[in-house]
Amino acid sequence: MDKLIYEREVLADGGKYVCGVDEVGRGPLAGPVVCAAVIMPLDDLIEGVDDSKKLTAKKREKLSELIHKKAIALAICRVEPDIIDKINILQATRLCMKNAIESLAVKPDYVLTDGNMTLDIDIPQKSIIGGDGKSYSIGAASIAAKVYRDNLMKEYSLIYPEYGFSTNMGYGSKAHIEAIKRCGICPIHRLTFTSKWR
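Just so we're clear, the structure is a prediction, and the values are computed from it rather than from any experiment.

S.K.: How should the packing of aromatic side chains be read in this particular structure?
M.R.: Aromatic ring pairs: the centre-centre distance and the angle between the two ring planes describe each pair. Per the stated rule, a full pass over the model turns up 2 aromatic pairs. Seen in terms of ring centroids, Y163 and F165 are 5.5 Å apart; in terms of plane orientation they differ by 15°. Their pairing is stacked. A residue is classified by how much of its surface remains accessible, and F165, at 0% relative accessible area, is buried. Taking the ring centre of F193 as reference, the NZ or CZ of R190 above it sits at 5.0 Å.

Put into structure tokens, the structure is as follows:
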């Protein structure tokens, strides 16, 4: 599949900088939602960029390093559990994506987002369902966001070892739910996601 099909449309219309945006962490019971916005050079592609969920952790780490090195502009933002509880996960994701785009050192001509998400930005945009596997730019964003959040959750696992964050990344695994029942919640848990086990 041609993963530059959407980017080429922008270039054909006279645009230069295409930004891919993706999130990770909408579903977990703990930790922030994280979004990456990336403008990649489209004439010097990194081989293997794909939906981060299809890649091994080792491959993601390697690709993330290359993405950070080659990106024209890259920004990663996070929205913490207290804000997720306050405004809900959909609005928190939209806010996170917007913040990431607005944090870029270079303003994009066009924004491609994964999923079905309209953002409150003054830049032309297109949302693509399954975009992290269809667009090179969104795929790069998905890898950057996933690696950042996984590493963050590993750090949290050292502070709150009883929940197994280094392996479940905050998602509701059986062991994680059992730990909540046994120990209660910690400061990075989402109250609106964990109410039935508290």
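S.K.: It is not clear to me how unusual backbone geometry should be interpreted in this structure. Could you clarify?
M.R.: Where the residue is not glycine, phi is negative for most of them; where a peptide bond is considered, it is trans in most cases. You will see that N88, though not glycine, has its phi angle at about 85°, which is positive. Note on placement: N88 falls in the loop between helix 3 (81–87) and helix 4 (89–102). Here the phi dihedral of M169 falls at roughly 55°; this positive angle occurs in a residue that is not glycine. Within the secondary structure, M169 sits in the loop between helix 7 (165–168) and helix 8 (174–183). Accessibility expressed as a relative area gives 9% for M169, which makes it buried.

S.K.: Would you mind going over the environment of T56 with me for this structure?
M.R.: Tracing the backbone through its elements, the reader meets T56 in the loop between strand 2 (33–39) and helix 2 (57–70). Polar side-chain contacts of T56 include one of 3.1 Å to the backbone nitrogen of K59.

S.K.: Mind showing me how you'd approach helix 8 here?
M.R.: Residues spaced three or four apart along an α-helix face the same direction, because each turn holds 3.6 residues. Those residues of helix 8 that fall on the buried side of the exposure criterion are H176, I177, A179 and I180. The arc enclosing the buried residues of helix 8, seen along the axis, measures out at 155°, which places them on a common side. Turned more than 90 degrees from where helix 8 packs its buried face, K174, A175, K181 and R182 sit exposed. Those residues of helix 8 that are buried are in contact with helix 7 and helix 9 (191–194).

S.K.: Teacher, can you tell me more about the sheet that holds strand 4 (residues 110–114) here?
M.R.: Backbone-to-backbone hydrogen bonds pair the strands of a sheet. The strands run either parallel or antiparallel. The strand order across the open sheet built from 5 strands is 3-2-1-4-5, with neighbouring strands paired in mixed fashion. Lying at the two open borders of the sheet, with one neighbouring strand each, are strand 3 (73–79) and strand 5 (125–128). The mean angle between the axes of side-by-side strands here comes to 20°, regardless of whether they run parallel or antiparallel. Here strand 1 (residues 18–24) runs beside strand 4; their pairing, made up of 4 bridges, is parallel. Residue V21 lies in a different strand from strand 4, and its bridge partner there is T113. Contacts from helix 4 reach strand 1, strand 2, strand 3 and strand 4 within the one sheet, and its direction differs from that of strand 2 by about 30°.

S.K.: What should I look at first to understand the packing of helix 2 against helix 6 (residues 136–159) in this one?
M.R.: When two helices pack together, their arrangement is given by the angle between the helix axes and the distance between those axes. The interhelical angle for the contact between helix 2 and helix 6, taken along N-to-C directions, is 115°, at an axis separation of 9 Å. Read as a crossing pair, helix 2 and helix 6 show a hand that is left-handed. For the pair helix 2 and helix 6, the contacting residues are R60, E61, L63, S64, I67 and H68 in the first and A140, I143, A144, K146, V147, D150 and N151 in the second. Residue composition of the contact of helix 2 with helix 6, grouped by class: 6 nonpolar, 3 polar and 4 charged.

Procedures and definitions
Residues numbered from 1 in each chain as written. Predicted model: local features only at pLDDT ≥ 70, side-chain atom pairs only at ≥ 80, totals over all residues. Heavy atoms only, no water. Phe/Tyr/Trp six-rings, centres within 6.5 Å; stacked < 30°, edge-to-face > 60°. Buried < 20%, exposed > 50% of the residue type's maximum accessible area, 1.4 Å probe, protein only. Lys NZ or Arg CZ within 6 Å of the ring centre and 35° of its normal. Helix = DSSP H or I, 4+ residues; strand = E, 2+ residues; numbered from the N terminus. Polar contact = N/O pair within 3.5 Å; in protein donor to acceptor, adjacent residues only side chain to side chain. Arc of directions from axis to C-beta. Contact = heavy atoms within 4.5 Å. Pairing = 2+ DSSP bridges. Axes fitted to C-alpha atoms, helices over the stretch in contact; angles between N-to-C directions. Left-handed = near helix turned anticlockwise from the far one by under 90°. Nonpolar A, V, L, I, M, F, W, Y, C, P; charged D, E, K, R; others polar.

In short, shape yes, function no, at least from these values alone.
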